[in-house]
Amino acid sequence: MFGYITVNQPEMKFKEFDVYRSFYCGLCHSLRERYGNIGRITLSYDMTFLAMVLTGLYETETRHLKARCLAHPFKKHKAVVNEFSGYAADMNIILSYEKCLDDWKDERKLSGGIGSLLMRGKNRNCRKQYNEKIEFILEKMGQIHTVEKINDLTIDLAAGYFGEIMGEIFVYRRDEWEEDLRKMGFYLGKFIYLMDAYEDIEEDIHTGNYNPFKVLYAEEKFEETVHEILTMMMAECCRAFERLPVVENIDIIRNILYSGVFAKYDIISRKRREKNVGSL
């Protein structure tokens, strides 16, 4: 359910992409520092975006490192490391653990079972520091499971619960920016959940798994309606973001919010159209 919040690289300057990659590498570095190489497996674009937003919003001491990694063993890459890359790493572990556990419980996916076992101890360490957030996440995950179990296909219902999870994660401090950060995370979370449903619709219909788009998929205007829904989610997310006094890396963040998030959608939509044409 992760990996949709990324950049539209063709629309970026080379220098901007280097900055973005430095945040990505910084999150990877923080995951390794805190959780070892197992933690690095959970690396995601979504939490990279969170680290970048929080770094732009709050003043903090930042280290600019150059380091090699398993993915790039022969060349050092720049890495931005600060308290927000650390926070994003913690949230990444929490979400990844719950996703693995969910995959194992719901579908008996071996990868989910192994992943949850590998990360159990690391998640336990997170609980010591973020117990309130984790309890909130577990409550909302339980509500999502209930919706899926009773097969309630109300499009906003389960997506809204996941939006609340992301809203809580985006709130780093209880301060004057809390409301807008929570709204931003809420609509971004709904977008992520619905994008995941959009990508998996054919497979979920085939397997019988829950998907809120099952009824809509049978309608002629499925693609158009989904695009409108996703656009509305991101419009509300962007509205909340633009109220925040973020200046640093603003062009990169806007690239992600206004076009990057739809990069995966465009790929999925194009493949689906080509498949449908080929089947005629």
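Residues numbered from 1 in each chain as written. Predicted model: local features only at pLDDT ≥ 70, side-chain atom pairs only at ≥ 80, totals over all residues. Heavy atoms only, no water.

Concerning the confidence of the model for the protein
So, point 1. The predicted model of the protein has a mean per-residue pLDDT of 86, with 84% of residues at 70 or higher.
So, point 2. Per-residue pLDDT stays below 50 along residues 110-118; that stretch engages in 12 contacts with residues further than four places along the chain or on separate chains. (pLDDT = per-residue confidence, 0-100. Contact = heavy atoms within 4.5 Å.)

Side note on the side chain of Ser 22
So, point 1. Tracing the chain through its elements places Ser 22 in helix 1 (residues 14-40).
So, point 2. On the basis of relative accessibility, which here comes to 6%, the residue Ser 22 falls in the buried class.
So, point 3. Of note is the side chain of Ser 22, whose polar atom sits 2.5 Å from the backbone oxygen of Val 19.
So, point 4. If we skip the residues at most four places from it in the chain, Ser 22 touches Lys 78, Ala 79 and Val 80. (Helix = DSSP H or I, 4+ residues; strand = E, 2+ residues; numbered from the N terminus. Buried < 20%, exposed > 50% of the residue type's maximum accessible area, 1.4 Å probe, protein only. Polar contact = N/O pair within 3.5 Å; in protein donor to acceptor, adjacent residues only side chain to side chain.)

Some remarks on unusual backbone geometry
So, point 1. A positive phi angle, near 60°, is found at Asn 151, a position not held by glycine.
So, point 2. Inspection of the secondary structure puts Asn 151 in the loop between helix 4 (110-149) and helix 5 (155-170).
So, point 3. One non-glycine residue, Asn 249, lies in the positive phi region at around 60°.

Overview of the packing of helix 6 (residues 178-207) against helix 8 (residues 222-242)
So, point 1. Axis separation between helix 6 and helix 8 bottoms out at 7 Å; the angle between their running directions is 160°. For the element pair helix 6 / helix 8, the angle class is roughly antiparallel. The interaxial crossing formed by helix 6 with helix 8 has left-handed handedness. Residue-level inspection shows Asp 180, Lys 183, Met 184, Tyr 187, Leu 188, Lys 190, Phe 191, Leu 194, Met 195, Tyr 198 and Ile 201 of helix 6 in contact with helix 8, the latter providing Phe 222, Glu 223, Val 226, Ile 229, Leu 230, Met 233, Met 234, Glu 236, Cys 237, Ala 240 and Phe 241.
So, point 2. Of the residues assigned to the contact of helix 6 with helix 8, the class counts are 17 nonpolar, no polar and five charged. (Axes fitted to C-alpha atoms, helices over the stretch in contact; angles between N-to-C directions. Parallel < 35°, antiparallel > 145°, perpendicular 65-115°, else oblique. Left-handed = near helix turned anticlockwise from the far one by under 90°. Nonpolar A, V, L, I, M, F, W, Y, C, P; charged D, E, K, R; others polar.)

Let's talk about a positive patch on the surface
So, point 1. Taken together, Lys 13, Lys 15, Lys 66, Lys 76 and Lys 78 make up a surface patch of like positive charges.
So, point 2. Tracing the backbone through its elements, the reader meets Lys 78 in strand 2 (residues 77-81).
So, point 3. In this structure Lys 78 comes out as exposed when scored by relative accessible area, which is 55%. (Patch = residues over 30% accessible without salt bridge, like charges linked within 9 Å, V, L, I, M, F, W, Y side chains within 5 Å. Areas by Shrake-Rupley, 256 points an atom, 1.4 Å probe, with all protein chains shown as cover. Salt bridge = Lys/Arg side-chain N within 4 Å of Asp/Glu carboxyl O. Lys, Arg positive; Asp, Glu negative; His and termini not counted. Charge placed at Lys NZ, Arg CZ, Asp CG, Glu CD.)

Overview of helix 1
So, point 1. Between its first and last C-alpha atoms helix 1 spans 25 Å; for 27 residues at 1.5 Å apiece the expected length is 39 Å, and the helix comes up short by more than 12%.
So, point 2. Along helix 1, the largest kink reaches about 120° and is centred on Arg 34. (Expected span 1.5 Å × (residues − 1). Bend = angle between axes of the 7 residues up to and from the residue.)

Some thoughts on the packing of aromatic side chains
So, point 1. All chains considered together, the criterion is met by 16 aromatic pairs.
So, point 2. A ring pair is formed by Phe 84 and Tyr 172, whose centres lie 5.0 Å apart and whose planes are at 75°; its orientation type is edge-to-face. With Phe 84 in helix 3 (residues 83-107) and Tyr 172 in the loop between helix 5 and helix 6, this pair connects stretches of sequence that are 88 residues apart.
So, point 3. Under the relative-accessibility criterion, Phe 84 is labelled buried at 0%.
So, point 4. Classification of Tyr 172 by relative accessible area gives partly exposed; the value is 23%.
So, point 5. Ring geometry for Tyr 217 and Phe 222: centres 5.0 Å apart, planes at 80°, overall edge-to-face. (Phe/Tyr/Trp six-rings, centres within 6.5 Å; stacked < 30°, edge-to-face > 60°.)

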